[in-house]
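Here are the chains, one letter per residue:
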Amino acid sequence: MSDILLEARDLTTQLVTKSGTITAIDHVNLRVAAGRTLALVGESGSGKSMTCSSMLGLLPANGRVVKGQVLFKGEDLLKKTPKQMRLIRGRQIGMVLQDAMTSLNPLLTIGEQVGEIFRYHHGITNKAELRRLSIAALEAVRIPAAAERLDSYPFQFSGGMRQRVSIAINVAAAPELLICDEPTTALDVTVQLQILNLLRELQKSRNMTIVFITHDLKLAAQFCDDVAIMYAGRVVERGPIGEVFHRPVHPYTEGLLRAAPSLADLQERLKTIPGTPPSPRAWPQGCRFAPRCALADARCNAQYPNWFGWDEGQRAVACWRTPERLGLQDAPGEPVQAEAELEAVR
Ligand SMILES: Nc1ncnc2c1ncn2[C@@H]1O[C@H](COP(=O)(O)OP(=O)(O)OP(=O)(O)O)[C@@H](O)[C@H]1O
Ligand SMILES: [Mg+2]
């Protein structure tokens, strides 16, 4: 199995709101293998963005990680100071957001914003040198006539171009890991593909690892190697994306795939998952999907499922019905609390 570059263990984040404290993500376990692309998939509100902001120390003021570890190259990011995190975010981990308009400063030119990265992270102050590096950075993300565009402001760029600039800024310091939170959702299909191709190109040439948040399963299948499926603040299934999509084990993953228009047989009517996700204000006591699951029994409603893992932990599912869904006779033994103790079912 490839080296793990980033791992979240039992990551749990709470948010203080006017109507009380909510646990937005709860015991999230994730592994991102070096050089691969992990899709983080799940319905709106399932906790995808919150997982990434928790890992990167970018929580809103009302948010706090209350449990867990975030191991990046073996070091726990949650133990770093805000200053150390700022440096890690700039140099080793980049983050591209859905709408580049929110990450770019509308009052500064594109050249000033790209140049700032080289000034801040590499201490370069020579104007001509900054200009040369900025042009190269924009050319690397295929911005035409880069030299002429340096003096433009973000509003003078199209959505796709702004996203390219945002990618240029985030990969300028050659990070090992790039976290993309729905980077193409706001773009039309053609531009979406161009951006994905660009990311793939950059990943190859710079040997980058990518976490790609999306709720587009088809896009995830085309672009990613591995997948982690989130439901109601928890990861419920994960593994190599081809295997998970061809042989989903968690009933939620199965429902999600059946409801995906792009993956379903066009002749067949799409089957939506009945019911709605629970509220973070009142998580069910047992499996959070149980109230919507046709297979749920008394244990599913009473107790949160263990992780069941196989293929040396590459495939893992948090569902009590896993052994029988895999056609195994024996139910596994003792409850497993953490990913680290992942149990092999054979
Ligand atoms: N600033 C905040 N204050 C209070 N609750 C929040 C805040 N941000 C997110 N939440 C809540 O945390 C939970 C997880 O939200 P998150 O943004 O991570 O979902 P998501 O999976 O990224 O959804 P989407 O696909 O819509 O982006 C949700 O219940 C959401 O309502
Ligand atoms: Mg989000």
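The structure this text deals with has already been given above.
Residues numbered from 1 in each chain as written. Chains lettered and ligands numbered in written order. Predicted model: local features only at pLDDT ≥ 70, side-chain atom pairs only at ≥ 80, totals over all residues. Heavy atoms only, no water.

### Describing the layout of surface pockets
By rolling a water-sized probe across the atoms, one finds the places where empty space is left.
So, step 1. Roughly 560 Å³ of internal volume is contained in the largest pocket.
So, step 2. As for the largest pocket, its lining consists of 21 residues, of which Gly90, Ser103, Ile117, Ile169 and Asn170 are closest to the centre.
So, step 3. Only α2 (82-91), β6 (93-96), α4 (110-122) and α7 (159-171) provide two or more residues apiece to the lining of the largest pocket.
So, step 4. In terms of residue count, α4 provides more of the lining of the largest pocket than any other element does, 5 residues in total.
So, step 5. Looking at side-chain class alone, the lining of the largest pocket contains 11 nonpolar, 8 polar and 2 charged residues. (1 Å grid on protein atoms, 1.4 Å probe; cavity = no way out; pocket = protein on both sides within 12 Å on 5 of 7 lines; lining within 4 Å. Points joined across faces, edges and corners; volume = space filled by probe spheres on them. Helix = DSSP H or I, 4+ residues; strand = E, 2+ residues; numbered from the N terminus. Nonpolar A, V, L, I, M, F, W, Y, C, P; charged D, E, K, R; others polar.)

### A short note on empty space enclosed by the protein
So, step 1. Here the structure, examined in full by the defined rule, presents 1 cavity of 30 Å³ or more.
So, step 2. Size it by volume and the largest cavity reaches roughly 80 Å³.
So, step 3. Taken together, His250, Pro251, Cys287, Phe289, Ala290, Cys293, Ala296, Cys300, Pro305, Cys319, Trp320 and Arg321 form the lining of the largest cavity.
So, step 4. The residue makeup of the lining of the largest cavity, split by class, is 10 nonpolar, 1 polar and 1 charged.

### A look at helix α8 (residues 189-206)
So, step 1. For α8, with 18 residues, the first-to-last C-alpha span of 25 Å sits near the 26 Å given by 1.5 Å per residue.
So, step 2. Here α8 has its buried residues at Gln192, Ile195, Leu196, Leu198, Leu199, Leu202 and Gln203. Take α8 and look down its axis: the buried residues cluster within an arc of 160°, on one side only. Away from the buried face of α8 by more than 90 degrees, exposed residues Thr190, Lys204 and Ser205 are located.
So, step 3. Check the buried side of α8 and you find it contacts β3 (37-41), α5 (127-140), α7, β7 (177-181), β8 (209-214) and α9 (217-223). (Expected span 1.5 Å × (residues − 1). Buried < 20%, exposed > 50% of the residue type's maximum accessible area, 1.4 Å probe, protein only. Arc of directions from axis to C-beta. Contact = heavy atoms within 4.5 Å.)

### Describing the environment of aspartate 311
So, step 1. Here aspartate 311 is to be found in the loop between β11 (308-310) and β12 (315-317).
So, step 2. Separated by 72 residues in the primary sequence, aspartate 311 and glycine 239 place their C-alpha atoms 9.3 Å from one another.

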